[in-house]
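Secondary and tertiary structure notes
Take a look at the letters that make up each chain.
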Amino acid sequence: MGKKSQRKNVPMDLFDSDDDTSSISSSSTLRSERQPAMDEVQVHKDLMLDQSLDALYEKRSSTREQALASIVDAFNSDLQHEFVDKKFATLLHQCLHCTKKGSSKETSLASHVIGLLALTVGLGDQSQEILEESVTPLSQALKSGREALKITSILECLAVITFVGGTNPEQTERSMQIIWQMIHPKLGSNVVAAKPSPAVITTVVSSWAFLLTTVDRWTLGPKIWQEIVTYLSSLLEKDDRSVRIAAGEALALVFESGTLEKFAAEAKESGNGGSVKEGSVSQEALIHMHGLKSKVVNQVRDLSAEAGGKGSAKKDLNTQRNLFKDLVEFLEDGYAPETSTKVGGDYLQTSTWYQMIQLNFLKHFLGGGFIKHMQENEFLHDVFSFTPKKIGGRGSNMSSEEKRMFKSPNSALNKARTQFLNKQRMLSKNMNDGHYAATVENE
């Protein structure tokens, strides 16, 4: 871990005043003279990040908050690979320290930096380290306060670092349980006494659904499936429109998996005298499940035609109508909505609910940095099987050593990428199987 004393002469006025720091640009003479202007800007950015990291050791909370905000801006505006290569451990542990004792704003910013750090390093040992080092501190931070800003930021961070660094189902399910227990403690011991706000409920459902896109939904047992669908159905009755939208997307994902059709096949097999598998569904339970689905279809149809007035955020009314119209069509006919998002000179397209939910969550988390990351972040290219026509950033200026490290088929990064892509292809196959099963069932 880096120590502040190593840079004790670095001026701290970047965070204490509005003075111009342009005088530090003279250090650009240390770089190549071929592109002095660009090098000067880069040196200035590097030094600002160093100053921001140093400021995380300061006692004054407002100083740390300003430093974290500066780091967020830097990671949104560019992929900070060189800085991360040098200061990965120091940045991670200082941010985790900020989540333990900082204000709600500081915790929120630190959590966001940790999520951005995971997206920047992508697949591999570092993202796995982020997940394992962060789960316990983040879980403890969730219990230490009730402020919506703090809780929602931690939940989104936990979802992102699990999405990137989770290498096995147990890790993902652990995070999903932590997230779910914030609003539905009946499924675990982490009971939250205070009633969660609509913002917290929305974030819990969207974060949980985001992680559900990465696991094999076939592992959901009949009892858990019924509990989840029943609870999400109850959220469709809530007054807050954002809660209803999040619940609708999660329900779409649950039904897209084809789990209900799998249960129906098992029940039919056992009814015909076949062997009964442990945990398989009975005919009575199956009838109840289909009843739940019918209830959801009626709820969704009503929400797709809502006239307005219910829910404070009227600007979301059209979003809700469009979402639930798509969901009605999917539940009745089996067709998922298609989306198209412009990224530079190309378009990122989705044709399944799970792809759309992944895209919307990451777009929300990255905010203004979404386009930059979508253009240059190879991890996101792998997630969406998308490579924009024009890619800048790391790849264009790699040294021969870096190319061997990151581009070689035998590199750790490419082995992790291959494993990830195989997992994505398997999930996609399961989705298609579920879609066709639903279509056959309806016929």
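Up top is the structure these notes are about.
Residues numbered from 1 in each chain as written. Predicted model: local features only at pLDDT ≥ 70, side-chain atom pairs only at ≥ 80, totals over all residues. Heavy atoms only, no water.

Section: the pairing of strand S1 (residues 339–343)
Our working definition: Strand pairing is defined by DSSP finding a minimum of two bridges between the two strands. Per the convention used, a helix needs a DSSP run of H or I reaching at least four residues, while a strand needs a run of E reaching at least two, with both numbered from the N terminus.
Strand direction decides the pairing type here: S1 and strand S2 (residues 346–350), joined by five bridges, are antiparallel. Bridge pairing links Lys342 to Tyr347 in S2.

Here's the deal with unusual backbone geometry
Inclusion rule: Only protein chains enter the accessibility calculation, which uses a 1.4 Å probe; a residue whose area is less than 20% of its type maximum is buried, one above 50% is exposed, and one in between is partly exposed.
Even without being a glycine, Ser385 presents a positive backbone phi close to 50°. The residue Ser385 is located in the loop between helix H17 (378–384) and helix H18 (400–407) in this model. The class of Ser385 is exposed, set by a relative accessible area of 68%.

Some words on the packing of aromatic side chains
What counts here: Side-chain rings of Phe, Tyr and Trp (the six-membered ring for Trp) are treated as a pair once their centres are within 6.5 Å; stacked means planes under 30 degrees apart, edge-to-face means over 60, and tilted covers the remaining angles.
Tallying each qualifying case throughout the model produces eight aromatic pairs. Plain terms: the ring middles of Phe163 and Phe379 are 6.0 Å apart, the flat faces sit at 80° to each other, and that makes the pair edge-to-face. Placement of the pair is Phe163 in helix H7 (residues 148–165) and Phe379 in helix H17, with a sequence separation of 216 residues. Their ring planes at 70° and their centres at 6.1 Å tell us that Phe330 and Trp353 sit as a pair that is edge-to-face. You can see Phe330 sitting in helix H14 (residues 317–333) and its partner Trp353 sitting in helix H15 (residues 353–366), a full 23 residues away along the chain. Residue classification places Phe330 among the buried positions, given a relative accessible area of 9%. Connected via pairs of aromatic rings, a cluster forms that spans Phe163, Phe210, Phe361 and Phe379.

Considering the pattern of salt bridges
Rule in force here: Whenever a carboxyl oxygen of Asp or Glu lies within 4 Å of a side-chain nitrogen of Lys or Arg, that contact is scored as a salt bridge.
Counted according to the given criterion, the structure contains five salt bridges. A salt bridge links Glu332 to Arg301; the nearest nitrogen and oxygen atoms lie 2.1 Å apart. Remark: Arg301 occurs in helix H13 (residues 283–304) and Glu332 occurs in helix H14; sequence separation between them is 31 residues. Look at Glu332 and you get partly exposed, because its relative accessible area is 36%. Judged by relative accessible area, Arg301 falls into the partly exposed class, the value being 35%.

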